[in-house]
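Listed below, chain by chain, are the residues.
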Amino acid sequence: LASLRERVLGRALHLPVSTLERVGKGDLLSRVGDDIAVMAKSLGEVVPNILAAVLLVLLSLITMLGLDWRLGLAGMVAIPMYVMALHWYLPRSAPMYAAERVAMGERAQSLVSSMQGARTVRAYGMEGEHLARIDASSGKARDIAVTVFRLFTRFGSRSNRAECVGLSVILLAGFLLVRGDYVTVGETTAAALLFHRLFNPIGTLLFTFDDVQSAGASLARLVGVL
């Protein structure tokens, strides 16, 4: 991350002045500041969480299959629903995250330009115009963030639906298998509890896509400078 920030800054220092003036200093500061911070969070928190969640999911599924392969397959019914939730979420969220990072850059540009030119702004009595510009850019960034969060909550409801269906199928399959004396009540209960324990790690895996999308948008902005 330090190397990336240095390379971006080094590239920016060699860009033509006209290019920097057109893009804006605030946008550049947002790239080497906010965007790097988003990536740092993803690398520091998301990657370890993903590794731990994947390991726990695999061990739980293997244990469920070990109890009875039919109970294990019943639990896997939820997997296609998780995949469908991701398939719905990712194409819709990626453009929104990119727009959010751009809006934050515009907000930073409005703030920096107003502060750097404070004397000129006051001399020409343009305080109201600059405040309106800052308010508009801040409102745009806020509105995009709210839209992204609404999209994310709809994604969360789809993952909850998959959890409900998976647990219901396990209980139904367990009931039928117990009636046929293929498994015991204890094995069915153990399988249901194992699947219930998967809610947190699977939720972690799914919800980390939120951070990954944001980090991807930030990386694209940094690569854009390079």
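Residues numbered from 1 in each chain as written. Predicted model: local features only at pLDDT ≥ 70, side-chain atom pairs only at ≥ 80, totals over all residues. Heavy atoms only, no water.

**Student:** What am I meant to see in the packing of helix 8 (residues 185-197) against helix 9 (residues 199-225) here?
**Tutor:** Describing two packed helices takes the angle between their axes plus the distance from one axis to the other. Where helix 8 meets helix 9, the axes come as close as 4 Å, and the angle between the chain directions of the two elements is 30 degrees. As the angle between them shows, helix 8 and helix 9 are arranged roughly parallel. Here F195, H196 and R197 of helix 8 lie close against helix 9, whose contacting residues are F199, N200 and P201. Looking at the contact of helix 8 with helix 9 residue by residue, the classes come out as three nonpolar, two polar and one charged. (Axes fitted to C-alpha atoms, helices over the stretch in contact; angles between N-to-C directions. Helix = DSSP H or I, 4+ residues; strand = E, 2+ residues; numbered from the N terminus. Parallel < 35°, antiparallel > 145°, perpendicular 65-115°, else oblique. Contact = heavy atoms within 4.5 Å. Nonpolar A, V, L, I, M, F, W, Y, C, P; charged D, E, K, R; others polar.)

**Student:** Sorry, what's going on with the side chain of S137 here?
**Tutor:** Positionally, S137 belongs in helix 7 (residues 127-179). Note on S137: relative accessible area 8%, which makes it buried. Engagement of the side chain of S137 in a polar contact is seen with the backbone oxygen of I134, the distance being 3.0 Å. In contact with S137, not counting residues within four places along its chain, are A103, E106, R107 and S110. (Buried < 20%, exposed > 50% of the residue type's maximum accessible area, 1.4 Å probe, protein only. Polar contact = N/O pair within 3.5 Å; in protein donor to acceptor, adjacent residues only side chain to side chain.)

**Student:** Mind showing me how you'd approach a nonpolar patch on the surface here?
**Tutor:** Together, L1, L43, V47 and L51 give the surface a local cluster of nonpolar side chains, amounting to about 370 Å² of exposed area. The residue L43 is located in helix 3 (residues 25-67) in this model. A relative accessible area of 51% means that L43 is categorised as exposed. (Patch = residues over 30% accessible without salt bridge, like charges linked within 9 Å, V, L, I, M, F, W, Y side chains within 5 Å. Areas by Shrake-Rupley, 256 points an atom, 1.4 Å probe, with all protein chains shown as cover. Salt bridge = Lys/Arg side-chain N within 4 Å of Asp/Glu carboxyl O.)

**Student:** Sorry, what's going on with the packing of aromatic side chains here?
**Tutor:** Aromatic rings considered in pairs are described by the distance between their centres and by the relative angle of their planes. Overall, the coordinates contain four aromatic pairs when judged by the stated rule. Consider the rings of Y89 and F155, whose centres lie 4.4 Å apart with planes at 15 degrees: the pair is stacked. Placement of Y89 in helix 5 (residues 78-116) and of F155 in helix 7 is noted, with a sequence separation of 66 residues between them. Geometrically, the ring pair formed by F195 and F199 is edge-to-face, given 5.7 Å between the ring centres and 85 degrees between the ring planes. By the burial criterion, F195 is buried, and F199 matches it. Put simply, the rings of Y89, F152 and F155 pair up and form one aromatic cluster. In this arrangement the basic side chain of R158 is found over the ring face of W88, its NZ or CZ atom lying 3.9 Å from the centre. (Phe/Tyr/Trp six-rings, centres within 6.5 Å; stacked < 30°, edge-to-face > 60°. Lys NZ or Arg CZ within 6 Å of the ring centre and 35° of its normal.)

**Student:** I keep staring at the pattern of salt bridges and nothing clicks. Help me out?
**Tutor:** Note that side chains of opposite charge can pair when their charged atoms are close. Counted under the stated rule, the structure contains six salt bridges. A salt bridge links R101 to D35; its shortest N-O distance comes to 2.9 Å. A residue pair is termed long-range when its members are at least 10 positions apart, and R101 in helix 5 and D35 in helix 3 qualify at 66 residues. What makes D35 buried here is its relative accessible area of 0%. Ionic pairing is found between K140 and E106, a salt bridge with its closest N-O pair at 3.3 Å. In this pair, K140 sits in helix 7 while E106 sits in helix 5, placing the two residues 34 residues apart along the sequence. The partly exposed category is assigned to E106, whose relative accessible area is 34%.

**Student:** Please clarify how the packing of helix 3 against helix 9 should be interpreted in this entry.
**Tutor:** Packing of helix 3 against helix 9 brings their axes to within 8 Å, and their N-to-C directions diverge by 150 degrees. With respect to each other, helix 3 and helix 9 are oriented roughly antiparallel. The hand of the helix 3/helix 9 crossing is left-handed. Classifying every residue of the contact of helix 3 with helix 9 by side-chain character gives 18 nonpolar, seven polar and six charged. (Left-handed = near helix turned anticlockwise from the far one by under 90°.)

**Student:** I tried to follow the environment of R22 on my own but got confused; where do I start?
**Tutor:** Inspection of the secondary structure puts R22 in helix 2 (residues 17-23). Each C-alpha atom, one on R22 and one on R150, is 33 Å from the other, the two residues being 128 residues apart in sequence.

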